[in-house]
Amino acid sequence: MINERKLAFKYLCKKKRRSLSTLFAIALSMFIVFVSGNLIMGAFYASKQAELIRNGNHIAYLEEMNLEQISALEKEGVVLCALENSTYFMGKMGMEDHEGSFGFYYFEDFSNFPFYYEVVQGKTPEKPGEIMINEMWKYFLGEDYEIGDTITVQLTGMELKTEPNQESVVTEENSITRTYTLAGYYRCPEYSWIEDGVVMVKDEPRKEGNTYRVYITSEEEGIEDIESVEGFEEKEDWARNLGEKYGAKVEVNWLFEKSQSEETAMGYCLVLIFAVFIGGFAAIVIRNSFVISIVERTRDYGMLRCIGASKRQIRKIAFYEAVMLGIAGEVIGLIVSYLFLYLVIQIGKEHISFLEEFKFVQRPVLIFGICLIVFLVVLFGLLEPTRQINKLNPLNALRNQKDVKKEKFRVKRRRGFLVAKLFGVEGEYAYKNLMRNRKRFITTTASCVVGVTFFIGTNAAFVYSEQMLEEPGIAYADYNAELYVHSWCMDSEDSLKEELESIKGISNITFCYQEFYRIDNESLKRKEDGVVVKTNYVLALDEGKYPIEKESVEKGEIGELKPGECYVINWGYDDEKKEIVEISDVSVGDKIQLHELILAEDESTEKTISELKVKAVLKEQPFANTYSYYPVLVMSKEGFQALCEEQGMSYEEYGKIHFKMDKNCDTSKVQELADKYGMLFFDEMKDAREAAEQMKMARLVVNAILILVALISSVNLFNSMESNNILREKERKIMRTVGMSKKQYRKMILLEGMLSVIIALILGTALGLAFGYGIYNIMVLTENELKFAVPVESIVFAGVGLTLLTVLSCMGGMKEE
Amino acid sequence: MEILKAEHLLKVYGENETKVVAVNDISLTVHKGEFVAIVGASGSGKSTLLHILGGVDAPTKGKVLIDGEDVYSLKDEKRSILRRRKVGFIFQEYNLLPILTVEENIKMPLSLDGKKPEEAYINEIIQTLGLEDRRTHLPNQLSGGQQQRVAIGRALANRPSIIFADEPTGNLDKKNGYEVLGLLKKSLQKFSQTLVLITHDVEIANMADRIIRIEDGKIIQDEVRAHD
């Protein structure tokens, strides 16, 4: 039996191309919203997950808990992640008495440790007295230490506890020496609280009278996935109530604070706003598709009304069509989105750092929420068609002449002389046809203008941003990487250089030495304000190996540097009084007094050392340093060697290798070499590369969204062209009868579409450039010499893309007739 | 038995200078089983009268009773139900749904009413109209005459009280026109239906039991014919 559902299905099957184009628009909207929603929430959860790793999966910690309280907590069923007793002090560690500040963290157990770390060598401490050291210290401790060795730690200098529950004050005179067994080295993710200078010690069993910081969680296995965490309010309240109950100070891990619910809600709000924006676009397209369907079936509906179908029944037919298309579109969109995200994440993970931590969000609220929004969009698209059905008069519908009558009056008054001159009679007809429904013409053109404006504007901003990242000194520096070399590997300088040279993409390898000293500005006898420059970067070059260009010499002459001679780099910097101090007025032959740089703040302990005579003043920093805000002195290797000897230091300790890595350089090989020789590797390009990658990614995402939106719009264009054909079928026949060729007819239809596009491209390019220039003006506040660049490629792409879409839509719209 | 009763029907289009009185104070009654032909020149108001009688175009004044029910006092929804149950329409341009097969088009009024079609009755209609081998064909696969036969079938499907036909042979050649009308008449007799038909063709009008002539929206002659 035929009912509304079957009729709807038959109508959908009858007009396959329109059904498919509407289905395409719905599926595409679903795809855009779902993928974007997943990207937004995925990035949101990924950043939270990374924070969870860095901050630990405990919900809170309670301070100063004694054994009685801890036991009561356990009886309540609270999961204790760790009992910590930490201290922080200045001290010396290892055989070579490496000095530094480090924190000691005493833990009862490492099995449910609340922070993330990786053991890179050895194992976690299992017995009391075993120590696990941050791998950063491995570099300072040197190769002589092996797992299982005893390590001596001398605690000195700061008024802090030095072991659990010890109240003693450790000073220089009152230093304490302790020994531990080295169990292993660990590594932590970036920005983790235990990133630097921290050692973790297996504590002795719980002692009566001790107090501990107790890390707690409400989950048996701990919290591993932030996405699965619900009810932040309850978690925070739970932790605070426990603290109140035991009279302990509570610190709630910020990831589990109540405010996180709001942040999550904000993330979903962002998705909602985006969904509504895309949904709005899709609703217009879907509405037009349905309106055209109704126009096409006016006679059918009229007949149905005559033989007794009620308005409700007719509405139901349209409703079922929408439901069928909506469900099918959503299912297709969802499947394609899943496949796309799966492929992007799987493949992209290896190439795009942004995706490494990306999480595929499968929360029902996101999936069903987006499905609901898209479905509502489909129903919203049905509003106007339903209104038209309600207004449908069976007799007029049967005669199908209402629209024709309405049009007559408007056409008379409009002429298109200019268009006629440019494109001939077909252009004139096209223009007049467009003017029949001015509202539709303006809407189509306006939507194209908005699209082109955004496309060109955002691309102009991206082009400029990319240029900023490629600014000289960042991307094109002569030197963009350094290796901190050990004294023991300086003996094998030649083989090290050879191995480095064998790595593809490395050039400009230069060995040098560096250390910080103080320069007493008074010694220049040219400054009267008596400002003392606190720290200065003294750089010793293996002479002749660093190519100083003659152009960079401001005063004096470059040549062989003798011990006691130096170059001064003209460099302004902020001194303590926040005044700009420059040593640019240093003259050749001036003497600079150096002071030994020591950690003590007391200036009276400064030791005066050699004077250096200025041989030349240079304009630029060596090695294209952009990060150093201190004046730099350059001397010969021998000069530096003498300087170190004077202070009883070994110059090899301060060795560095500067070199340039190009885009093709495999940095992992450099890291391998660094690991082999126990060197520290600093890749100054890393941030710039990551920033460039993120920029490219952002550009790709924005352009992809704009192109997808344009595709949805093309369905609209296709529908408009098709409806024009349907409404003007009689006119077409008349035109053909009186002699219009098929070619002329095609040209006319094509021009109808292209007139909107031409106007949109002219207006959109102008507005897009203005928009891009506006962004440039905001960004240009940060000092640089980059000029605004016209995104020619994007303009060409917009022009070609839009023309292509229009031609295809026009041809598609024509073909069916 | 009165099936259709129209009282003082008036239909006015436009206002002032453009005012056109399409139907001017027409009253008539049609009895069950009657075959009434409405004839008149173009623009005489016969189509308007038919549409008013059929419940698709409300009169400016007057009322129409089908089976004793005042059609225009009903709300749109109820009027639709009345049309689907008590009225059958046959149009000059067939107006079949292009997406439905012959059989589906015939069953359409029943489907709209949510009724399960009485297969034997539908088969009988299809057989009577000579459409057995066209059951699964779509309208665009049929000739004009065949399409009009489907339209007749559709009008009969719901066993309506009255059928209104608006120049059903207007788009057909003479041979096909007579053939279709013959079938229509045969069907009427077989299924005891009442028919109000509009036509230009005198010969077709002569086949009716009663001929109503209209001029300028008024009945100028109502002639009951006796057939041998």
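Visitor: How should the overall build of chain A be read in this particular structure?
Guide: A tally of helices and strands in chain A yields 22 helices and 22 strands. Long-range pairs, those at least 24 residues apart, make up 79% of the contacts in chain A between residues at least 6 apart in sequence.

Visitor: When you look at the interface of chain A and chain B in this model, what are you seeing that I'm missing?
Guide: The interface is formed by 22 residues belonging to chain A together with 29 residues belonging to chain B. Here chain A and chain B share 2 salt bridges between them. One salt bridge connects Lys-10 of chain A with Glu-104 of chain B, and the closest N-O pair in it is separated by 3.1 Å. When contributions to the side of chain A that touches chain B are tallied by element, the ones reaching two or more residues are helix H1 (4-14), helix H7 (298-306), helix H8 (311-351) and helix H11 (394-399) of chain A.

Visitor: Looking at this model, I keep getting lost on the packing of helix H4 (residues 119-128) of chain B against helix H6 (residues 174-191) of chain B. Mind explaining?
Guide: Angle between the axes and distance between the axes: these two values describe a pair of packed helices. Residues and elements named next belong to chain B. Two elements in contact, H4 and H6, have axes separated by 10 Å at closest approach and are oriented at 150 degrees. Judged by the inter-axis angle, H4 sits roughly antiparallel to H6. For the pair H4 and H6, the crossing hand works out as right-handed. Contacts between H4 and H6 involve Tyr-121, Glu-124, Ile-125 and Thr-128 from the first element and Leu-183, Lys-186, Ser-187, Lys-190 and Phe-191 from the second. Tallied by class, residues from the contact of H4 with H6 come to 4 nonpolar, 2 polar and 3 charged.

Visitor: What should I look at first to understand the sheet that holds strand S6 (residues 87-90) of chain B in this one?
Guide: Note: strands within a sheet are paired through backbone hydrogen bonds, in either parallel or antiparallel orientation. All names here are of chain B. The strand order across the open sheet formed by 6 strands is S6-S7-S8-S3-S9-S10, and the pairing between neighbours is mixed. At either end of the open sheet lies a strand with only one pairing partner, and these are S6 and strand S10 (218-224). The average angle at which neighbouring strand axes cross in this sheet is 20 degrees, direction not considered. The sheet contact formed by strand S9 (residues 210-215) and S10 spans 6 bridges and is antiparallel. Directly across from Glu-215, in S10, lies its bridge partner Lys-218. Each of strand S3 (35-40), S6, strand S7 (162-166) and strand S8 (195-199) touches H6; the most contacted strand, S8, lies at about 165 degrees to it.

Visitor: Which parts of the structure should I look at to understand the packing of aromatic side chains?
Guide: The description of two aromatic rings rests on the distance between their centres and on the angle between their planes. Applying the stated criterion across every chain yields a total of 11 aromatic pairs over all chains. With centroids separated by 5.5 Å and ring planes inclined at 35 degrees, the aromatic side chains of Tyr-773 of chain A and Tyr-776 of chain A adopt a geometry described as tilted. Of this pair, Tyr-773 of chain A and Tyr-776 of chain A both sit in helix H21 (residues 742-779), 3 residues apart, which is roughly one turn of the helix. Under the relative-accessibility criterion, Tyr-773 of chain A is labelled partly exposed at 40%. In this structure an aromatic cluster arises from ring pairing among Phe-89, Phe-91 and Phe-164 of chain B. Here the basic side chain of Arg-5 of chain A rests over the ring of Tyr-320 of chain A, its NZ or CZ set 5.5 Å away from the ring centre. The ring of Tyr-121 of chain B is capped by Arg-159 of chain B, whose NZ or CZ atom sits 3.8 Å from the centre of that ring.

Visitor: In this structure, what is going on with the nonpolar core? I would like to understand it.
Guide: It is characteristic of soluble globular proteins that their nonpolar side chains tend to be buried jointly. Residues Leu-304 of chain A together with Leu-4 of chain B are the most contacted members of the largest nonpolar core, which totals 96 residues. Residue contributions to this core peak at 13 residues, all from helix H2 (residues 16-55) of chain A. Two domains share this core, each providing at least three of its residues, namely domain 1 (18-56 + 271-400) and domain 3 (421-477 + 685-817) of chain A. Formed by 37 residues, the second largest nonpolar core is a distinct cluster that contains Val-39, Ala-155, Ala-165 and Leu-172 of chain B.

Scoring rules and cut-offs
Residues numbered from 1 in each chain as written. Chains lettered and ligands numbered in written order. Predicted model: local features only at pLDDT ≥ 70, side-chain atom pairs only at ≥ 80, totals over all residues. Heavy atoms only, no water. Helix = DSSP H or I, 4+ residues; strand = E, 2+ residues; numbered from the N terminus. Contact = heavy atoms within 4.5 Å. Salt bridge = Lys/Arg side-chain N within 4 Å of Asp/Glu carboxyl O. Axes fitted to C-alpha atoms, helices over the stretch in contact; angles between N-to-C directions. Parallel < 35°, antiparallel > 145°, perpendicular 65-115°, else oblique. Left-handed = near helix turned anticlockwise from the far one by under 90°. Nonpolar A, V, L, I, M, F, W, Y, C, P; charged D, E, K, R; others polar. Pairing = 2+ DSSP bridges. Phe/Tyr/Trp six-rings, centres within 6.5 Å; stacked < 30°, edge-to-face > 60°. Buried < 20%, exposed > 50% of the residue type's maximum accessible area, 1.4 Å probe, protein only. Lys NZ or Arg CZ within 6 Å of the ring centre and 35° of its normal. Core = buried A, V, L, I, M, F, W, Y, C linked by side-chain atoms within 4.5 Å. Domains from an automatic or database assignment.

As far as function goes, none of this settles anything; it's purely spatial.
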